[in-house]
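Fold and geometry: a report
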Amino acid sequence: MEFQTTDDVLTIFLSGRIKADNASAVDAELSKIIKSNPSNALVLDATDLEYIASAGLRVLMKCRKASKKNVAIQNVSKAVFDVLEMTGFTKLFEVSKKPREIPIDGCPQVGMGLSSKVYRLDPETIVKVYDRKVPFYKISREIDLAKKAFVLGVPTAISYDLVNVDGAYGVVFEMIADATAVGDALQANDCRNFDEIMKKFATLLKTLHQTEATKDSGLPSIKGTWLDWAKGMSAYYTQDEYDMLRRLIEEIPDRNTLVHCDFHAGNTLYQDGEVVVIDMADFGFGHPVFDFAAGSFHKTMRHGENFQRSLNLSEENILRFWNTLLEMYFETKDRTRLDEIDQTFHAFALLRGALFPMKHVQISPEARQFHIDNARKNFFPQFDWCMKQTARLKTIL
């Protein structure tokens, strides 16, 4: 039985038919997996579950009793959903049906990130198709966060449907006619409108950082998100290395203002002269440095073709993007001051790089090891210097 753990969520993949002759074996496998991950929230993925009998339902009840948190059953077929609904299990579990399938043959690609690609379905709608390794709960959370961001006044596309695209999850967005990725807009016409678009990009980011999250907003703490990533990486780092990750994150000053956590030219759109956000996977509240850590990290990784594709920018323009953003956000061209700001943000870019495999859980083992080795080469040896940069945040932001 296959399973995976990400961000303190244990996902177990059910398959085939669960009935009287195999229920005991299924129960034993599930119990073993759950006992080895006792503190994780439990998700049962029923994508490949064809049938469940009363004996299988008893197995589900045992799972519910064994798990210390709520149990969700996702990607349920109509036949299985009917059984769960008829027996009252939809009131005991968080049950979600398998999404409808849509084709994207012939649809132009209009955006790309490290975890997804965006296609235009028609003049008014797009679909964001996720990498198959991105967990379902992350996608559901992004839909929820996008709605909360929209209520708070953030210019984000409205998501209204979860779909299946050739075996991968997708989210359909509306109200984005004639939109293109910010990266493509920046580079269009030999970058003729680069500074004009960057001004709007920087203004929107600054507006986010000046907007407070209300107590009833339901948004997550980005510091908490990063601490969860650090905990997830403890399986790959030594105890001392994990402690350094945790200490630096905890040292970041607390704020209750909005943070996107991955605000870049590849996951934002340019529509009718305005910047629109389409990636809300890690949206929440916290210190603005969480956003600048991402930008500085992208500058550091600008030589990589994957990052150039995901940002929709050339290597040269990734650097130009970052330098222009700092100038416009901080409203200065003083090179000495900008270099000091850049250096401070670099410390947190190193931290983000060390956490990268948990933000992007779908990357290959080779890519994960690359970022671990890079952290051991560049972040941990400079840990004391990175800690000193937290004091400078108070004078910068």
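As shown above, the structure is provided for reference.
This text gives an overview of the structure that appears in the document. (Residues numbered from 1 in each chain as written. Predicted model: local features only at pLDDT ≥ 70, side-chain atom pairs only at ≥ 80, totals over all residues. Heavy atoms only, no water.)

**Details of the overall build of the protein chain**
Our working definition: Elements are defined by DSSP. Helices are runs of H or I of four residues or more, strands are runs of E of two residues or more, and each kind is numbered from the N terminus. Here the globule rule reads 2.2 Å times residues to the power 0.38, and the radius of gyration is calculated from C-alpha atoms. Residue burial is assigned from relative accessible area. The probe radius is 1.4 Å, only protein chains are included, and a residue is buried under 20% of its type maximum, exposed over 50%, and partly exposed in between. Residue contacts are counted whenever heavy atoms from the two residues lie within 4.5 Å of one another. Values of accessible area rely on a 1.4 Å probe in the Shrake-Rupley scheme; residue burial ignores everything except the protein chains shown. The charge count includes Lys and Arg as positive and Asp and Glu as negative, but it does not include His or the ends of the chains. We put the charge of a Lys on NZ, of an Arg on CZ, of an Asp on CG and of a Glu on CD.
Across its full length, the protein chain carries 15 helices and 16 strands. For 397 residues, the compact-globule formula gives about 21 Å, and the C-alpha radius of gyration of the protein chain, at 22 Å, lands near that figure. Residue burial in the protein chain is summarised as follows: out of 397 residues, 54% are buried. When contacts within the protein chain are restricted to residue pairs at least 6 apart in sequence, long-range pairs at least 24 apart make up 72% of them. Total accessible area on the protein chain stands at roughly 18,300 Å², and carbon and sulfur atoms take up 49% of it. Across the protein chain, the mean location of the 49 positive side-chain charges is 5 Å away from that of the 54 negative side-chain charges.

**Concerning the sheet that holds strand 1 (residues 3–6)**
For the record, the criterion: Strands were regarded as paired on the criterion that DSSP finds at least two bridges between them. Axes here refer to lines fitted to C-alpha atoms; in helices the fit is confined to the stretch in contact. Angles between the N-to-C directions go from 0 to 180 degrees.
Reading across from one edge, 1-2-3-4-5 is the order of the five strands in this open sheet, with mixed pairing throughout. If you trace the sheet from one side to the other, it starts and ends with strand 1 and strand 5 (94–97), each paired once. For this sheet the average axis-to-axis angle between neighbouring strands, irrespective of direction, equals 20°. Pairing of strand 1 with strand 2 (residues 9–18), which is carried by four bridges, proceeds in the antiparallel orientation. When the sheet's bridge partners are listed, Thr-6 is paired in strand 2 with Val-9. Strands strand 1, strand 2 and strand 3 (41–52) of the sheet are contacted by helix 1 (residues 23–36), whose axis makes an angle of about 175° with strand 2.

**Remarks on the pattern of salt bridges**
Short version of the rule: One speaks of a salt bridge when a side-chain nitrogen belonging to Lys or Arg is within 4 Å of a carboxyl oxygen belonging to Asp or Glu.
In this structure the tally under the stated criterion is 23 salt bridges. Here Asp-254 makes a salt bridge to Lys-223, at a shortest N to O gap of 2.8 Å. Linking Asp-254 in the loop between helix 9 (239–251) and strand 13 (258–259) with Lys-223 in helix 8 (residues 222–233), this pair joins segments that are 31 residues apart in sequence. Owing to a relative accessible area of 13%, Lys-223 belongs among the buried residues under this scheme.

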